[in-house]
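Each chain, letter by letter, is given below.
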Amino acid sequence: MKDYFSLRKPVHFVFPIDGDCLNQYDGIEQDDRLVVKALVAAAPDADLYINEEKAFFNGRYFEADVALEGRRTTLFAEDMNCRENCDRIAVYDFRSAVGKYRISSDDNILFLQDITKNQDVYQSIFENPYLAVYKEAHDKYGASVHLNLFYETDDMPGFSVRRDYFNLSMMTDRFRAEWEANSDWLHLSFHAHQEHPDKPYQHTNMKRITQDAEKIHAEIIRFAGEKTLAKVCTVHWGECSIGGIRALRAKGYRGITGYFEIKDGAPFVAYYYPPDLTAHVGGRDFWMNTEEDVMHGRIDLVLNTIRYEDLIPTLESIRADPHRSGFMELMIHEQYFHPDYVAYIPKFRELVLDAAKWAYDYGYRGALMEDVMFE
């Protein structure tokens, strides 16, 4: 994998690094362009230029103000004393993502089983009480919602009520038109074949994850329509080999989200990335892996991991970080909605709705990842 920090190179960018997605919190806006101060490490006696602008040594790094040109800008730093000493990176203008938010949910399948079971009773998919929560968040606060799906149920440990076996091929297609009619704010995608084993794709080969994704894609298109199938997903446990990432990119996933945190000294829900890159990606809203042509989004808060009374203070603390508060990504897991689950959260609905209300009240507006990640 590419050395994104290039510490051994005689000339290398310190900020931004290759793939950084920048917004107005990273610089200033001039004449509708974003201008950022680029920092480059080089020998103090270097005659350094950045995009043909003379850079000045500040005692630690060379710096120069550079304007981003369009969505993607190449930055080139070169020591004119030895032109072999150079560095080239690509960065992205993501000002349009600021002030947006999304709600996503992982481990989804039981609500689809309920809709199928009640297909002759329900007149709408939103009569399912779980899906109704997201519809309420959308209707009241403009939330855009993304649901990552399992293909099948397994033994469902943690539930006191045993459910019949179900997989996506059993899902009714009676409501396909309604799914499609709501695809401007409600998307579905691949998550994993089933809940267990843990970290199923940590060491996956391309064939296995491709087969799992294809099965889920075929069923989503069948029962919900192609417009509902997202180009962004979150892989179960956020652990995946580089081959798995390449396989998902080949299946159309241009964006993959995760926590990108360091937990107990190791990357957590960060796919295959090393600690230094994990920490960098986790400190920003978005980052582009230019080698693999995959955009990553930072999940800011997993709602089922906090107490209800800590919701607003936690959101406020995230908002205080300018590099994570541009786009707010709020996530939860389906199982915590169900009263027979061992870790059932009685205030599941309130967590979702109050988080959406907080975002809306601060001026955030709902957006799917596709709305902001890609041109």
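Per-chain numbering applies: the sequence of each chain, read as written, is numbered from 1 onward. The predicted nature of this model means local features are confined to residues of pLDDT at least 70 and side-chain atom pairs, given and counted, to a pLDDT of 80 or more, with totals for whole chains, interfaces and linings taken over all residues. Heavy atoms from the whole structure form the basis of all side-chain values; hydrogens and water molecules are not counted.

### A short note on empty space enclosed by the protein
Here is step 1 of the chain: Only protein atoms enter the calculation, which uses a 1 Å grid: trapped sets of points that fit a 1.4 Å probe without letting it out are cavities, open sets showing protein on both sides within 12 Å along at least five of seven lines are pockets, and any residue with an atom within 4 Å of a point is a lining residue. Grid points are joined across faces, edges and corners, and a volume is the space filled by probe spheres set on the points. Per the stated rule, a full pass over the model turns up 2 cavities of 30 Å³ or more.
Here is step 2 of the chain: Volume-wise, the largest cavity comes out at about 80 Å³.
Here is step 3 of the chain: Lining the largest cavity are 13 residues, and of these Asp-107, Ile-109, Phe-150, Met-156 and Glu-195 sit closest to its centre.
Here is step 4 of the chain: When residues are grouped by polarity, Ala, Val, Leu, Ile, Met, Phe, Trp, Tyr, Cys and Pro land in nonpolar, Asp, Glu, Lys and Arg in charged, and all others, Gly among them, in polar. Grouping the amino acids of the lining of the largest cavity by side-chain chemistry returns 5 nonpolar, 3 polar and 5 charged.
Here is step 5 of the chain: Approximately 50 Å³ is the volume found for the second largest cavity.
Here is step 6 of the chain: The wall of the second largest cavity is formed by Cys-21, Asn-23, Asp-26, Phe-94, Ala-97, Val-98, Arg-284, Asp-285, Phe-286 and His-323.
Here is step 7 of the chain: Along the lines of polarity and charge, the residues of the lining of the second largest cavity split into 5 nonpolar, 2 polar and 3 charged.

### Some remarks on the pattern of salt bridges
Once their charged atoms are close, side chains differing in charge can pair, the charge on each being opposite to the other.
Here is step 1 of the chain: Criterion for a salt bridge: a side-chain nitrogen of Lys or Arg within 4 Å of a carboxyl oxygen of Asp or Glu. With the rule as written, the count across this model stands at 25 salt bridges.
Here is step 2 of the chain: In this structure, Lys-54 and Asp-47 form a salt bridge, with 2.4 Å as the shortest nitrogen-oxygen distance.
Here is step 3 of the chain: The salt bridge involving Lys-357 is made with Asp-361; its shortest N-O contact spans 2.6 Å. Of this pair, Lys-357 and Asp-361 both sit in helix H8 (residues 348–361), 4 residues apart, which is roughly one turn of the helix.
Here is step 4 of the chain: Note on exposure labels: buried denotes an accessible area under 20% of the residue type's maximum, exposed denotes more than 50%, and partly exposed covers the range between, all computed with a 1.4 Å probe on protein chains only. Judged by relative accessible area, which is 35%, Lys-357 ranks as partly exposed.
Here is step 5 of the chain: Where salt bridges share partners, they join Glu-29, Asp-93 and Arg-95 into one cluster. Where helices and strands are cited, they refer to DSSP runs of H or I of at least four residues and of E of at least two residues respectively, numbered from the N terminus.

Purely geometric stuff here, so don't read any function into it on its own.
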